[in-house]
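Residue-level structural notes
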Amino acid sequence: MSLPQPPGDDGAAKSPGPAAGAETVAASSGPQAKKQPPPEKPSDVRRRSRIILSFWLIVLCLGLPIWWQTTSIYRADLPLHEMLEWADGKACRPVFPLRINIQADSLQDQEAQNLLRLTQHALDDLNDFSGHHLRLQLSPPPGHPPESSDRESALTIRLVPGDTATASLDPHEPVLDITYPPNAIPTATSSSSSLATYVAGQLRSTFAEEQATISYLLSTSSMPSESRPLGLSPESAESLAKRATRSLKYAPTYHLTFSLFTSGPLPSSWDIGAAIADYMKPVLTVLSPIHNFTIDTQVQLYATPGVPNEVLNKEDLSSFVNAAEWPLSPSIGGAPTINFVVFVGNQTIAGERAESEHANTGESAAHSWLIPQWGTIYLLPLPDGTAHLSSAALKQPLLTFTSHLLSLLGAPRSGSLPLRLSTLGRIRSADLLLRASSTLGSLARLALALPSISIPSSVADGVSTTMLHLRRACETLGGAEGLAHARVAEAEAERAFFEKSMVGQLYFPDEHKIAVYLPLLGPVAVPLVMGLINELRAWRRRRRERRERGRGKKME
Amino acid sequence: MRQLCPALLLSLLSLCVFPPCAAASASAAADYHEQLVLRPLPLSALLASFNFRSNTTVSEFESGNFRFFPRSLGQILQHAGTRELHLRFSLGRWDAESWGSRPWDGAREGGTGVELWAWLDADTDQEADHKWLTLTNALSGLFCASLNFIDGTRTTRPVMSFEPEGDHPNTSAHSMQLLYGVLPHEVVCTENLTPFLKLLPCKGKAGIATLLDGHKLFDASFQSMAIDIRPVCPPGGECVLQIEQTIDMVLDIDRSKRPRDNPIPRSLGGHELLCDTSKPYHSHDTCFPADQDANQDWSLSQIFGKSMKGTCPLADPTVPPVCLQVPESRAVYTIDGAVEIKSRDSRCFQISPESDLELLLPPPGDEAQDGAAADILPPGTPPLYAERSFTGYGQERGGVQTILRNPSPDTEVEFVYMESLPWFMRIYLHTMEARIAGHPAPSPDNHPLIQQVYYRPALDRARGTQLEVRMRIPPAATVFLTYDFEKSILRYTEYPPDANRGFDVAAAVITILDPQRNGSGRFAAYTIRTTSLLCSLPTPDFSMPYNVIIFTSTAVALAFGGMFNIMVRRFVAADEGSEGGLGALRGKLLGRLGAVAGRFKGNQ
């Protein structure tokens, strides 16, 4: 900028310069000889101030907001506080009220009511976990149409008079048959009864595993400690943890893949369709209210296992599946795949067995093992030259697969099948509820931790849908409706958390911003700021002069 | 008559050279079938055609029981509603001038890179697009290829060039949509062969598939891997879904015989050189290399690096696993126990499932020296030769010229020429012209070369150009098909890495229509893919955005600073203003120096 500075800017710099020949002569005689410019008109001074003021106004009122608007990252409003509350378990206390019908046709109504009251007392004394609550009720006498509450009952106790007190679970229906000796009926006045204690004890042992599982789920989540039960021994916690890691994530549909792998060219065909229909379909039919299953089968020859050893040690079992060569790719579509592999070869498992608690059938124990969240492998030794596997030869593998399927789905180990399945539904809804809540919490913490992450409105929508369904699931916990709501909530929470567009602008480093802004903002800002500073100085000097002038006038 | 001979031979050959193709529907009943056909070609090349075919009944397929049919692929087909699928992975160029007609009449061949076309079960275009997206993404994962990059700009819906190969019920024909996608830039390599072999029932562990090795396959002068899935309904039987996997490779015998641990070619000693002694300048110190046909001695393990390990026990035992097509006069040695089935010009070998097969072709005997053609079968003449190239220069416009030659002396050829061009090549359709070589003017109107044109113009960044031209070329004529195009300028982010290499333009597909279509003849008598082209677009300097930012910022800052200063500052005469800038600084410095010098003098 070769323009001369306005006068009076730089009062100190009055030294001579070689600007012109005439000036050097004048300058050599002293600084006093410097020619002063004529005084400025006040209107010019005012105009300059206005110009500078308007530039600054434009920059501050137009430039800055536009810049802010165009470069800011869209962050939809998330109900962070509520999300964290869900994650901390403050928004919902998972309570499973279980209705248990008592069917006592041989008892008088009064006697039955009395027994019910006593048993309920005994149960409440035994129970130390408020989340899991057993509520007894009398079932309507036979002949009456069942009410709606009847269908929701988890278990029916059928009291039948007999010689001694015995209890047995019906294998096909959720019914507990209890026989009682005739003298055990409590009288209307007695405050305790051996029969009531006995029934309460039986109920408690029936639901012990479910209670333990749910309390384990709660204890691993970040729920507050008051809703947690106290008594979980380390051993049982460990076995529950093992089971929890083994079971697959909940999905409405599972894809079952049955594969026959052979180390050589034979056998190349099997009667798997018939075998599944005979040995596995019954269980799949029972499971159908909770899960759908799709099935496919394949035959693969010349399969080399990942471990070449003839005798497999426990360490070899995990690397037995040759993931690089065996075509066990997961199915496309949303459903997770469970693999059931029959391997025909001469490998055997060393030692007595790998996972003894799965030895439902003693014979199969030495041949199969379960791979957590993946499936089962069954080693089938066959005489050389068998070209076809009949349905009968597949019986043992398929029975093993069936029992492993239940544990892969997370069903409890004890109890009759219908009871195990209804328990499975409750465990699943608790699990989904806790998962969805913790995903919400993670999302909230992520949004707090990364201020530069963008949050599209779809995430906010997902969060609100999740919370809506979570609330409904919490209200209807324990029933089929609660499971459905928990499922939707979990899916929505996952979708919101893994929103793709949130990752896009995560890394936009500050160096880039400097490289883009500096070339423009630097050269523009310097004249603006200098102009403002000069103007402020000039304004201060003018004020001082005016004051001095005013004082001078007063003095006169 | 002499000219007729090759044509006659060709028709004979096409019947007997690749019998599986002709007999595809007849042998559909067998569940699994594999065969390798070896055929020496001129210039010391060897064509190896691997063919694997397996069937599954439609009911088994729909119930999810897979035995020979690969489950991974079956699931994808079910999920994407695919009725018929064709997938090609190709590398190299088929040298039709010296190798003659193509294997399988070109039906199992694709252009360089990856080609995929499929008939999808869809009622609307949106549904078809959605299923196509599912299909390409799933196949991409299965075959480790970038098939997921087949997006809208690389997908076309051909109208005249393709017809379903399988038997589809008439009721479903209206709801089938054909989509065609091509990736010319894809480099086919071992990672695509491994999943290909995994689909076979015997993997690469037994049978002819043991000969397939990535080192040899991708070292070949030409190779094409094909997967064709189609429903086949034999008359009176249950419909089956057939998967046919084909690999054609042309190996350079000399190159393949080099040991793998020492692959660098060494020059031969003077006494080992084969010289053409008929040249007048041939003497003890000058040598003109003889035609390499004479060097056709090889063995299976030399060519493929290993011998064949037994046969696949699932394969149809009536089909011999290996066939060799050499003249009858040629001697062939095999291992003991191999049964040789001789037919005219073809020898097939049956072996027991456990024994290894080894073939050895000795150098041709002296009795064959009178004619070099006796060592190998003469290559057949294809019905059409095609080559395509760019014309023009500069970064703005260009042209494409395709030279199509009909070698037949008496029959005309009718074919469909299909181009699917990227959107950034905007063609000028009015410049498209076909002319016969030697005729300066375009062909007379009474016999037009171009019979029909189907053209779907490109939309920028949304879809590519689709051009299908049905043409008819008179006998013994060479036709130039030319058109011009304009290159568009891409956006900064649309350039791929290494943009200066150029952009691959997919091969043109030439489908020669079967003149006997009315009967039971196939739709396409022969298929040709031209080579792909490399189109160079104007590429910017990729640091441009920062340069532009800095340049414009500087200009804006200069203009703003000047304007602002003019408006804000006061103008005074030069002698009235205060000192500023460098002059003031210099004056200050001089003053200080003078003061120091004065003090120094005073001290002295």
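Residues numbered from 1 in each chain as written. Chains lettered and ligands numbered in written order. Predicted model: local features only at pLDDT ≥ 70, side-chain atom pairs only at ≥ 80, totals over all residues. Heavy atoms only, no water.

An unreviewed UniProt entry annotates chain B as Gpi16 subunit, GPI transamidase component of Trichocladium antarcticum.

In the annotation of an unreviewed UniProt entry, chain A is listed under the name Phosphatidylinositol-glycan biosynthesis class S protein and assigned to Trichocladium antarcticum. Under the UniProt heading Sequence similarities (unreviewed entry), the entry covering chain A gives this text: "Belongs to the PIGS family." (UniProt positions renumbered as here; feature names shortened; annotations may be inferred.)

Points about the overall build of chain A
The number of helices and strands found in chain A is 17 helices and 14 strands. By residue count, 43% of the 556 residues in chain A fall in the buried class. Sequence separation of at least 24 residues holds for 75% of the intrachain contacts in chain A that already meet a minimum separation of 6. Counting every atom, chain A has about 29,000 Å² of accessible surface; 58% of that belongs to carbon and sulfur. (Helix = DSSP H or I, 4+ residues; strand = E, 2+ residues; numbered from the N terminus. Buried < 20%, exposed > 50% of the residue type's maximum accessible area, 1.4 Å probe, protein only. Contact = heavy atoms within 4.5 Å. Areas by Shrake-Rupley, 256 points an atom, 1.4 Å probe, with all protein chains shown as cover.)

Section: the overall build of chain B
Secondary structure summary: chain B contains 13 helices and 28 strands in total. By residue count, 49% of the 604 residues in chain B fall in the buried class. For chain B, contacts bridging at least 24 residues in sequence account for 74% of all contacts bridging at least 6. As displayed, chain B has an accessible area near 28,100 Å², and 56% of this comes from carbon and sulfur atoms.

What to know about the interface of chain B and chain A
At the junction of the two partners, chain B supplies 44 residues and chain A supplies 56 residues. Note on chain B versus chain A: buried area summed over both sides is about 4,900 Å², and carbon and sulfur give 59% of it. Counting every contact that joins chain B to chain A gives 2 salt bridges. The salt bridge partner of arginine 71 of chain B is aspartate 296 of chain A, with a shortest N-O separation of 3.8 Å. Broken down by secondary-structure element, the contributors of at least two residues to the side of chain B that touches chain A are strand E3 (65–66), helix H4 (71–80), helix H12 (544–568) and helix H13 (581–603) of chain B. Looking at the side of chain B that touches chain A element by element, the count peaks at 13 residues for H12 of chain B. Here strand E8 (residues 292–300) of chain A runs beside E3 of chain B; their pairing, made up of 2 bridges, is parallel. Its bridge partner lying in E3 of chain B, threonine 297 of chain A is registered against asparagine 65 of chain B. (Buried area = accessible area lost by both parts, 1.4 Å probe. Salt bridge = Lys/Arg side-chain N within 4 Å of Asp/Glu carboxyl O. Pairing = 2+ DSSP bridges.)

Observations concerning the packing of helix H2 (residues 42–71) of chain A against helix H17 (residues 510–555) of chain A
Residue and element names in this part refer to chain A. The N-to-C vectors of H2 and H17 enclose an angle of 145°; their axes lie 11 Å apart at closest approach. Of the two elements, H2 crosses H17, and the hand of that crossing is left-handed. Every residue of H17 that contacts H2 at Val45, Arg48, Ser49, Ile52, Phe55, Trp56, Val59, Trp67 and Thr71 is listed here: Tyr517, Leu528, Val529, Gly531, Leu532, Glu535 and Arg542. Split into classes, the residues belonging to the contact of H2 with H17 amount to 10 nonpolar, 3 polar and 3 charged. (Axes fitted to C-alpha atoms, helices over the stretch in contact; angles between N-to-C directions. Left-handed = near helix turned anticlockwise from the far one by under 90°. Nonpolar A, V, L, I, M, F, W, Y, C, P; charged D, E, K, R; others polar.)

Quick notes on the UniProt feature "transmembrane region" (unreviewed entry) in chain B
Under the UniProt annotation, the feature "transmembrane region" (unreviewed entry) is placed at residues 544–568 of chain B. Within residues 544–568 of chain B, the helical portion is 100% and the strand portion 0%, while the C-alpha atoms at the span's ends are 35 Å from each other.

Describing the nonpolar core
Among the nonpolar cores identified, the biggest contains 151 residues, and Phe258, Leu398 and Leu405 of chain A together with Leu38, Phe50, Met249 and Phe304 of chain B are the most heavily contacted of them. Per element, the largest residue contribution to this core is 12 residues, and it comes from helix H13 (residues 417–449) of chain A. Beyond its immediate chain neighbours, meaning those up to four positions away, phenylalanine 304 of chain B contacts Leu38, Ala48, Phe50, Leu211, Lys216, Met249 and Leu251 of chain B. Ile436, Val479, Leu481 and Tyr526 of chain B belong to the second largest nonpolar core, which has 37 residues in total. (Core = buried A, V, L, I, M, F, W, Y, C linked by side-chain atoms within 4.5 Å.)

Side note on the sheet that holds strand E7 (residues 176–183) of chain B
Residue and element names in this part refer to chain B. Spatial strand order, E6-E7-E5-E4-E8-E9-E2-E1-E12-E15-E14: 11 strands in an open sheet with mixed pairing. Every other strand in the sheet has two partners, leaving strand E6 (155–156) and strand E14 (339–343) as the edge strands with one partner each. Bridge analysis of strand E4 (residues 82–92) against strand E5 (residues 113–121) gives 8 bridges, and the strand direction is antiparallel. Following the sheet pairing, glutamate 84 is matched in E5 by tryptophan 119. In this fold helix H8 (residues 190–198) packs onto E4, strand E8 (222–232) and strand E9 (240–252), with an angle of close to 35° to the strand it touches most, E8.

Let's talk about the environment of glutamine 373 of chain A
Residues and elements named next belong to chain A. Structurally, glutamine 373 is set in the loop between strand E12 (368–371) and strand E13 (375–380). Between the C-alpha atom of glutamine 373 and that of serine 407, which follows or precedes it by 34 residues, the distance is 9.9 Å. Among residues more than four places away in sequence, those in contact with glutamine 373 are Thr245, Arg246, Ser247, Leu248 and Leu408.

Quick word on the pattern of salt bridges
Residue and element names in this part refer to chain B. Following the criterion strictly, the structure yields 33 salt bridges over all chains and no others. Among the ionic pairs, arginine 405 bridges to glutamate 97, the shortest N-O distance being 3.5 Å. Taken together, the residues span a long stretch of sequence, with arginine 405 in strand E19 (residues 397–405) and glutamate 97 in helix H5 (residues 96–99) at a distance of 308 residues. Overall, glutamate 97 belongs to the exposed group, its relative accessible area being 53%. Put simply, glutamate 165 and arginine 230 hold a salt bridge, and the shortest N to O gap is 2.8 Å. Separated by 65 residues along the polypeptide, glutamate 165 in the loop between E6 and helix H7 (170–173) and arginine 230 in strand E8 bring together distant segments of the chain. On the basis of relative accessibility, which here comes to 35%, the residue glutamate 165 falls in the partly exposed class.

Description of the UniProt feature "transmembrane region" (unreviewed entry) in chain A
Residues and elements named next belong to chain A. UniProt tags residues 51–68 and 514–534 as "transmembrane region" (unreviewed entry). End-to-end, the C-alpha atoms of residues 51–68 are 24 Å apart, and along that stretch the chain is 100% helix and 0% strand. With 100% helix and 0% strand, residues 514–534 has its two end C-alpha atoms placed 27 Å apart.

Focus: helix H9 (residues 272–279) of chain A
Looking at H9 of chain A, one finds that the buried residues are Ile272, Ala275, Ile276 and Tyr279 of chain A. For H9 of chain A, the arc enclosing every buried residue in end-on projection is 100°, short of the 170-degree limit, so these residues lie on one face. On the buried face of H9 of chain A, the contacting elements are strand E6 (253–262), strand E7 (269–270), helix H10 (281–287), E8 and helix H12 (395–408) of chain A together with E3 of chain B. (Arc of directions from axis to C-beta.)

Quick word on the packing of aromatic side chains
Counted under the stated rule, the structure contains 32 aromatic pairs over all chains. Measuring from ring centre to ring centre gives 5.5 Å for phenylalanine 55 of chain A and phenylalanine 560 of chain B, while their planes differ by 80°; the resulting arrangement is edge-to-face. With phenylalanine 55 of chain A in helix H2 and phenylalanine 560 of chain B in helix H12, the pair connects residues from two separate chains. Phenylalanine 55 of chain A sits in the buried class, given a relative accessible area of 14%. On the basis of an interplanar angle of 90° and a centroid distance of 5.1 Å, the ring pair of phenylalanine 497 of chain A and phenylalanine 498 of chain A is categorised as edge-to-face. Judged by relative accessible area, phenylalanine 497 of chain A falls into the partly exposed class, the value being 25%. Classification of phenylalanine 498 of chain A by relative accessible area gives exposed; the value is 56%. (Phe/Tyr/Trp six-rings, centres within 6.5 Å; stacked < 30°, edge-to-face > 60°.)

Some remarks on the confidence of the model for chain A
Atom-level detail of predicted coordinates should not be read off regions where pLDDT is low. Of all residues in chain A, 81% attain a pLDDT of 70 or more, and the chain-wide mean is 76. In this model residues 225–230 of chain A is a low-confidence stretch, pLDDT under 50, and it forms 9 contacts with partners more than four residues away in sequence or in other chains. (pLDDT = per-residue confidence, 0-100.)

Focus on the side chain of threonine 56 of chain B
Positionally, threonine 56 of chain B belongs in strand E2 (residues 45–57). Discounting chain neighbours no more than four positions away, the residues touching threonine 56 of chain B are Phe61, Asn65, Phe69, Val240 and Leu241 of chain B.

Focus on the confidence of the model for chain B
Residues and elements named next belong to chain B. In the predicted model, chain B carries a mean pLDDT of 83, and 89% of its residues have values of at least 70. Low pLDDT, under 50, characterises residues 1–29; the predicted model gives this stretch 36 contacts beyond four residues in sequence or across chains. Within the model, pLDDT remains below 50 along residues 367–373, and this stretch shows 3 contacts once partners closer than five positions in the same chain are excluded.

Observations concerning the sheet that holds strand E27 (residues 524–529) of chain B
Residue and element names in this part refer to chain B. The 5 strands are arranged E22-E23-E20-E26-E27 in an open sheet whose pairing can be described as antiparallel. Edge positions in the open sheet fall to strand E22 (450–456) and E27, since each of these has one partner strand only. Strand-to-strand twist in this sheet, taken as the mean axis angle between neighbours without regard to direction, amounts to 15°. Here 5 bridges tie strand E26 (residues 509–513) to E27, and the two strands are oriented antiparallel to one another. Bridging from a neighbouring strand, leucine 513 pairs with alanine 524 of E27.

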